[in-house]
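Spelled out from the first residue to the last, the chains are:
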Amino acid sequence: MTQRDRFEAVYDAYYPAIHQYAARRTGSPDDTADVISETFLTAWRRIGEVPEGERALLWLYGVARRVLANQKRGASRRAVLAERLRDELVADRPAAPVDLAYVRTAFDGLPERDREVLALACWEGLTSEQIAKVVGCTAIAARARLHRARKRLAATLERQASSMIVMGEA
């Protein structure tokens, strides 16, 4: 019997049991599939170490148990990292002055295309040539887009200021 034949026999005999074992211990079909594939990948790589008969199932359960433990440790590490990143992002986020909320409203009211070039220029500090590479156009086109976006933002801010004066807020 070749190693491939041995692996196929183990796989055919014990796949249902490993599937059930993993499904009962995971929260999603994707996680179940990951446990099954990692378990049988290990069996393939170490087919010479897989015991004969019913002991093969116990060996596979042990492998699946370790795969699940690795999966949980990985999820835990990702959760800790995500929390740390959230904390850092909150700490690094510049405080938005209350009196500039109208600028944010005007910015949010612009078309996506305008917001993108303005953000690249103002927030990221990119030049027209750099913006052109990011958005996939020529430097001249990027300059023109940026100019038009600035004009639209200024017009929107002027309209907001006028409406605030009319409503007696200024």
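Residues numbered from 1 in each chain as written. Predicted model: local features only at pLDDT ≥ 70, side-chain atom pairs only at ≥ 80, totals over all residues. Heavy atoms only, no water.

1. Regarding the confidence of the model for the protein
And then number 1: For the protein, the mean per-residue pLDDT works out to 90, and 91% of the residues sit at or above 70.
And then number 2: Taking the mean pLDDT of every element in the protein, the minimum, 86, falls on helix α4 (residues 101-108) and the maximum, 97, on helix α2 (residues 29-45). (pLDDT = per-residue confidence, 0-100. Helix = DSSP H or I, 4+ residues; strand = E, 2+ residues; numbered from the N terminus.)

2. So, the state of the cysteines
And then number 1: Taken as a whole and assessed by the stated rule, the structure comprises zero disulfides.
And then number 2: The structure places no disulfide on C122, whose sulfur is separated from the nearest cysteine sulfur, that of C137, by 16 Å.
And then number 3: The exposure class of C122 is exposed, given its relative accessible area of 52%. (Disulfide = S-S within 2.5 Å. Buried < 20%, exposed > 50% of the residue type's maximum accessible area, 1.4 Å probe, protein only.)

3. A look at the packing of aromatic side chains
And then number 1: In this structure the tally under the stated criterion is eight aromatic pairs.
And then number 2: Summarising the aromatic geometry, the rings of F7 and W44 are spaced 5.3 Å apart at their centres and angled 80° between planes, so their arrangement reads as edge-to-face. Here W44 lies in helix α2 and F7 lies in helix α1 (residues 3-25), a separation of 37 residues in the sequence.
And then number 3: Ring pairing ties together the aromatic residues F7, Y11, Y15, F40 and W44, which thus form one cluster.
And then number 4: The aromatic ring of Y21 is capped on one face by R25, whose charged end is 3.7 Å from the ring centroid. (Phe/Tyr/Trp six-rings, centres within 6.5 Å; stacked < 30°, edge-to-face > 60°. Lys NZ or Arg CZ within 6 Å of the ring centre and 35° of its normal.)

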